[in-house]
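# Observations on chain architecture
The residues making up each chain are set out below.
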Amino acid sequence: METFITIIAGVLFTIGTYLILSKGLVRIILGLSLFTHGVHMLLMAVNGLKKGGAPLLGEGTDVYTDPLPQALILTSIVISFALTAFSLVLGYRTYVELGTDDLEQLKGDPNE
Amino acid sequence: MNNFVILPILLPLLSGILMFFIRRQIRLQEALAVAGLLSTIIASLLMVSTISDNGIQILNMGGWEAPFGISLVADMLAGLLVATASVVTLICVLYAFYSTNQDRKKFYIYPLIMFLLCGVNGSFLTGDIFNLFVFFEVMLISSYALISLGGGKIQLRETIKYVITNIIASSMFVIAIAYLYSITGTLNMAHLSERVALAGQDGLITTVSLLFLIVFGLKAGLLLFFWLPGSYSAPPAAISALFAALLTKVGIYAIMRMFTLIFYHQSELTHTILVWMSALTMILGAVGAIAYTDIRRILAYNVIVSVGFIVFGVAVASEASLNGAVFYLIHDMLAKALVFILGGAIISIAGTDKLRDMPGLIRFRPTLGWLFFLSALALAGVPPLSGFVGKVMILQGGVEQRYYVMAAVGLITSLLVLYSAMKIFINSFWGETLLSEGEEKSSGKGYLLPGSILAALIIGLGIGAEPVMEYVRQAVEVMLNPTLYIEAVLPQTDI
């Protein structure tokens, strides 16, 4: 199962990187979002998925699943949600103000 | 256990939250900002004196013992940086009173500055590596909002690049934490240090440490500084002074912490890379500072040069150079705030940031001129100003450890920094007076109080270097002996 999740993480990284390297602003923001999801998958996969019973729920099992990676992922998801929301608003404002969402045209004018 | 430790995080956060409820009463917001920051400064100074008397102060959040819960660790390095950051923020807020327009003030500039300080202080104080990431994000999301606040075309354009770069860097931070946790099974920095020392720093851990180096290099502007000049020159002067003084310094602090506390076993690899990165940063930053002819860009490239210089002190990692690096870090927070505030005042008076269009301001603005001259000398490290002491110690450490070429690079780039700052001074203050009195684009008032406070601090830090060095030595003692940090954080029984 870990292998499968790792492959999914790799696919997400690939798509995310491809989108980040494109020119459209919305594509880049989606790419960033996918990239962070890849990070979450990786965090889950490298720290083990399910090694035993649920943590802190009874004393029946000897082996417990480590709850910490899931807590980290939850925190990270919340942060990346806020960042995606912010960058979407930012992208919209930029489109309204500057009239373009093409990064090629957002380079800046050397004479300004 | 000492509940005092959380105050420098809590006080800015609480005063920032309170300000949301009084959005339209700007005077009240300003009073609250000053009160909140003054109390933060008092709390952090008290903390520094407590650390000096009783050693490292620990607060285990929620009462969970060290490796299991999140602990806040106030050692002398963190204490000194928290105190300096709070002072610099107060001064930048004082400048923001006069220099920012009413719209920005109505749209939460003060609460955002408070949250920024909350994130910065939290990053300095935390003893947990994931918590460091969270405080980095608190700091960064406030900075995203601050940099785009006002919504000018240039600001929006630069914010996008800044945000994209930082989101990618933060993702890599989480990746590095994931690998480190899967290798060592802990997130507490003291526990990490102990486990890495116990297991030996093998190739895998060194690779992870280099991933951390890339992340913090991006945040600090160490070699990976391509985003910095654009985004630091976009926002208004008070905000960019705050950024230049605080944001890159947090990255430098993280590099210091990581490579003196946890990843110090393979120094012939990691510290060699650090030395090379810092030398390249100094050279490229100096080239940028000479090449550009607008004030904002020159100042932004000066930030990069000093990042390289401090990290060179960290990379050499001898006692003298670390003393110098900590001292220079404190000096640089003050000096960069001063020079950005004065640069902002020049730009707002002249109405342009192009050096060739600058009027000779010295006739109408002698105080501003001489303050800027002083700040230029401070940047270059001319005695008796505070930059001198730090530079001497870093170079002394570098020469002792036989980094002759790099020390020479450090000296030459200081000269180039002096040249670039003098270029601003000569062009904007000397020459024909193009503007007659009363014709200035704005009065530019408001720089005088924050500028004089900072100048006095820089002179005081330079002349009174010896008493401050006492504290710096205590900070470096912990950096040189990670066991002191570990013993303070982890309970003494058995791990």
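Residues numbered from 1 in each chain as written. Chains lettered and ligands numbered in written order. Predicted model: local features only at pLDDT ≥ 70, side-chain atom pairs only at ≥ 80, totals over all residues. Heavy atoms only, no water.

## Considerations on the overall build of chain A
Across its full length, chain A holds three helices and zero strands. Ordering the α and β elements of chain A from the N terminus gives α-α-α. Over its C-alpha atoms chain A spans a radius of gyration of 19 Å, topping by over 25% the 13 Å that the globule rule assigns to 112 residues. Seen through its C-alpha atoms, chain A measures out along the principal axes to roughly 70 × 25 × 20 Å. A burial count over chain A gives 37% of its 112 residues as buried. Within chain A, contacts between residues at least 6 apart in sequence are counted, and of these 51% link residues at least 24 apart. As displayed, chain A offers around 6,700 Å² of accessible surface, 67% of which is attributable to carbon and sulfur atoms. Side chains of chain A carry 6 positive and 10 negative charges; the gap between the two charge centres is 5 Å. (Helix = DSSP H or I, 4+ residues; strand = E, 2+ residues; numbered from the N terminus. Rg over C-alpha atoms; globule rule 2.2 N^0.38 Å. Buried < 20%, exposed > 50% of the residue type's maximum accessible area, 1.4 Å probe, protein only. Contact = heavy atoms within 4.5 Å. Areas by Shrake-Rupley, 256 points an atom, 1.4 Å probe, with all protein chains shown as cover. Lys, Arg positive; Asp, Glu negative; His and termini not counted. Charge placed at Lys NZ, Arg CZ, Asp CG, Glu CD.)

## What about the packing of helix H2 (residues 26–54) of chain B against helix H3 (residues 76–99) of chain B?
All names here are of chain B. Interhelical geometry of H2 versus H3 gives an angle of 160 degrees and a closest axis separation of 9 Å. As judged from the angle between their axes, H2 and H3 are roughly antiparallel. Once H2 is placed against H3, the crossing between them reads as left-handed. Considering only residue class, the contact of H2 with H3 consists of 17 nonpolar, six polar and one charged. (Axes fitted to C-alpha atoms, helices over the stretch in contact; angles between N-to-C directions. Parallel < 35°, antiparallel > 145°, perpendicular 65-115°, else oblique. Left-handed = near helix turned anticlockwise from the far one by under 90°. Nonpolar A, V, L, I, M, F, W, Y, C, P; charged D, E, K, R; others polar.)

## A few points about the environment of B:Phe115
All names here are of chain B. Within the fold, Phe115 resides in helix H5 (residues 109–125). Here the alpha-carbon distance between Phe115 and Leu211, two residues 96 residues apart in the chain, equals 28 Å. Those residues in contact with Phe115 that lie beyond four places of it in its chain are Leu13, Gly16, Ile17, Phe20, Val138 and Ser142.

## A few points about the nonpolar core
Note on soluble globular proteins: their nonpolar side chains tend to be buried together. All names here are of chain B. By size, the foremost hydrophobic cluster in this structure holds 214 residues, and its most contacted members are Phe124, Phe173, Phe212, Phe216, Tyr232, Met256 and Val326. With 21 residues, the top contributor of residues to this core is helix H14 (residues 319–350). Setting aside anything within four residues of it in sequence, one finds Phe124 in contact with Val73, Ala78, Leu81, Val82, Ala85, Lys249, Val250 and Tyr253. (Core = buried A, V, L, I, M, F, W, Y, C linked by side-chain atoms within 4.5 Å.)

## Side note on the interface of chain B and chain A
Taken together, the 29 residues of chain B in the interface contact 34 residues of chain A. Summing both partners gives a buried area of about 2,900 Å² for chain B against chain A, and 81% of it is carried by carbon and sulfur. Per-residue buried area on chain B facing chain A is highest for B:Arg157, B:Ile160 and B:Tyr181; these three make up 21% of the total on that side. At the surface where chain B touches chain A, the tally comes to three residue pairs in polar contact (both at pLDDT 80 or more). Of all the elements in the fold, those that place two or more residues in the side of chain B that touches chain A are helix H6 (129–148) and helix H7 (153–184) of chain B. At 18 residues, the largest contribution of residues to the side of chain B that touches chain A is made by H7(B). A class-by-class count of the residues in the side of chain B that touches chain A yields 19 nonpolar, five polar and five charged. (Buried area = accessible area lost by both parts, 1.4 Å probe. Polar contact = N/O pair within 3.5 Å; in protein donor to acceptor, adjacent residues only side chain to side chain.)

## Points about the side chain of B:Ser233
Residues and elements named next belong to chain B. Of note, Ser233 is situated in helix H10 (residues 228–233). Here the side chain of Ser233 touches Pro229 through a polar contact of 2.7 Å, landing on its backbone oxygen. For Ser233, the residues in contact, after removing those within four places along its chain, are Arg296 and Arg297.

## Brief notes about unusual backbone geometry
Residue and element names in this part refer to chain B. For the bond from Pro383 to Pro384, the omega torsion is 5 degrees, close enough to zero to count as cis. Structurally, Pro384 is set in the loop between helix H15 (366–380) and helix H16 (386–400). The residue Tyr108 is not glycine, and still its phi comes out positive at about 70 degrees. Of note, Tyr108 is situated in the loop between helix H4 (102–106) and H5.

## Some thoughts on the confidence of the model for chain B
Confidence in the prediction for chain B averages 91 pLDDT; 97% of positions are at 70 or higher. For chain B, the element scoring lowest by mean pLDDT is H4(B), at 86; H5(B) scores highest, at 96. (pLDDT = per-residue confidence, 0-100.)

## Let's talk about the state of the cysteines
Residue and element names in this part refer to chain B. Per the stated rule, a full pass over the model turns up zero disulfides over all chains. The structure places no disulfide on Cys92, whose sulfur is separated from the nearest cysteine sulfur, that of Cys118, by 17 Å. With relative accessibility at 4%, the residue Cys118 sits in the buried group. (Disulfide = S-S within 2.5 Å.)

## Some thoughts on the packing of aromatic side chains
Residue and element names in this part refer to chain B. Applying the stated criterion across every chain yields a total of 29 aromatic pairs over all chains. Centroid distance Phe133 to Phe173: 5.7 Å. Interplanar angle 90 degrees. Geometry classified as edge-to-face. Taken together, the residues Phe133 in helix H6 and Phe173 in helix H7 connect sequence positions 40 residues apart. Ring centres of Phe259 and Phe263 lie 6.0 Å apart, and the angle between their planes is 55 degrees; on these two criteria the pair is classed as tilted. (Phe/Tyr/Trp six-rings, centres within 6.5 Å; stacked < 30°, edge-to-face > 60°.)

## Digging into helix H2 (residues 25–46) of chain A
For H2(A), built from 22 residues, the straight-helix expectation of 32 Å at 1.5 Å per residue is met to within 8% by its first-to-last C-alpha distance of 32 Å. Positioned one or two residues after H2(A), A:Gly48 has a phi angle of 90 degrees, which is positive. (Expected span 1.5 Å × (residues − 1).)

## Comments concerning the pattern of salt bridges
Residues and elements named next belong to chain B. For the coordinates displayed, the defined rule picks out 13 salt bridges over all chains. In this structure, the salt-bridge partner of Glu466 is Arg473, at a minimum N-O distance of 3.6 Å. The class of Arg473 is partly exposed, set by a relative accessible area of 33%. (Salt bridge = Lys/Arg side-chain N within 4 Å of Asp/Glu carboxyl O.)

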